[in-house]
Amino acid sequence: GQKERAGRSRKKMKFARLSRFVLIFLIGSSIFFTSIPTIAVIDPGQLVNTAKKYLGYPYHYGGASPRGFDCSGFTVFIFKKLGKELPRNEWQMYAAGKPVKKKDLKTGDILFFVNTYRRGLSHIGIYIGGNKFIHAAFWPLGVRVDSLSHPYYAARYYSACRIPEFFKKLPKKK
């Protein structure tokens, strides 16, 4: 009797521990696997639509969330929303891409400007086509669309880069 009950009790405890372990593993796995980005390439139209959802959001130096964005924080945030990681620093971002001539700009290219609030590379934005770009402009303007022809930005335009892996077209099915 008593030994038999103790043996069943130990088996129940082992089973309970194993069940908790399996449950924790499954919950943890589902959290992990649901956080993996599923978009293989970025659709330029989706990029523009995603970025435009944040028009009017406030500027905040060092910000990288809807509570407030700075220019690189906004750019990193938008690409991350689409499942792509970018470095936070402008120079690292520039180095991660392939240089693009101004005449060859495509939607999604990252634009770089110099001598805005400090000397040297100091501002970035995302090209959205039609000679326009979206960016987190300085306070009090926030996230907005501007023209590359605007005298302020035209005088400070430095370069652009494209991260080809983000926009590669998938082969067409036959």
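Look up: the structure comes first, before these words.
In this text, all values refer to a predicted model and were calculated from it rather than measured experimentally.

(A) View of the overall build of the protein chain. Secondary structure summary: the protein chain contains 6 helices and 8 strands in total. Burial statistics for the protein chain: of 174 residues in total, 37% are counted as buried. Considering only contacts in the protein chain between residues 6 or more positions apart, those separated by 24 or more positions represent 53%. On the protein chain, roughly 11300 Å² of surface is accessible, and the fraction owed to carbon and sulfur atoms is 60%.

(B) Geometry of the nonpolar core. In this structure, Phe-74, Ile-78, Phe-79, Leu-86 and Ile-110 are the most contacted members of the largest nonpolar core, which totals 30 residues. Of all elements in the fold, only α2 (44-52), α3 (71-81), β4 (110-114), β5 (121-129), β6 (132-137) and α6 (164-167) reach the threshold of two or more residues within this core. Per-element tally for this core: the top contributor is α3, with 6 residues. Excluding residues within four positions of it along the chain, Phe-79 makes contact with Ile-42, Leu-47, Lys-84, Leu-86, Gly-108, Ile-110, Ile-126, Phe-166 and Phe-167. Core analysis: the second largest hydrophobic core is formed by 11 residues, Val-100, Leu-105, Tyr-127 and Leu-148 among them.

(C) Expanded view of α3. Among the 11 residues in α3, 9 count as buried, and that is most of the element. Every buried residue of α3 is accounted for by Cys-71, Ser-72, Gly-73, Phe-74, Thr-75, Val-76, Phe-77, Ile-78 and Phe-79. Looking at where α3 begins, the residue whose side-chain oxygen comes 3.4 Å from the main-chain nitrogen of Ser-72 is Asp-70. Looking one or two residues past α3, Gly-83 carries a phi angle of roughly 85°, positive in sign.

(D) Local environment of α2. Those residues of α2 that sit buried are Leu-47, Val-48, Thr-50 and Ala-51. One side of α2 carries all its buried residues, which in axial view fall inside an arc of 165°. In the core, the buried residues of α2 are packed alongside α3, β5 and β6.

Parameters at a glance
- Residues numbered from 1 in each chain as written.
- Predicted model: local features only at pLDDT ≥ 70, side-chain atom pairs only at ≥ 80, totals over all residues.
- Heavy atoms only, no water.
- Helix = DSSP H or I, 4+ residues; strand = E, 2+ residues; numbered from the N terminus.
- Buried < 20%, exposed > 50% of the residue type's maximum accessible area, 1.4 Å probe, protein only.
- Contact = heavy atoms within 4.5 Å.
- Areas by Shrake-Rupley, 256 points an atom, 1.4 Å probe, with all protein chains shown as cover.
- Core = buried A, V, L, I, M, F, W, Y, C linked by side-chain atoms within 4.5 Å.
- Polar contact = N/O pair within 3.5 Å; in protein donor to acceptor, adjacent residues only side chain to side chain.
- Arc of directions from axis to C-beta.

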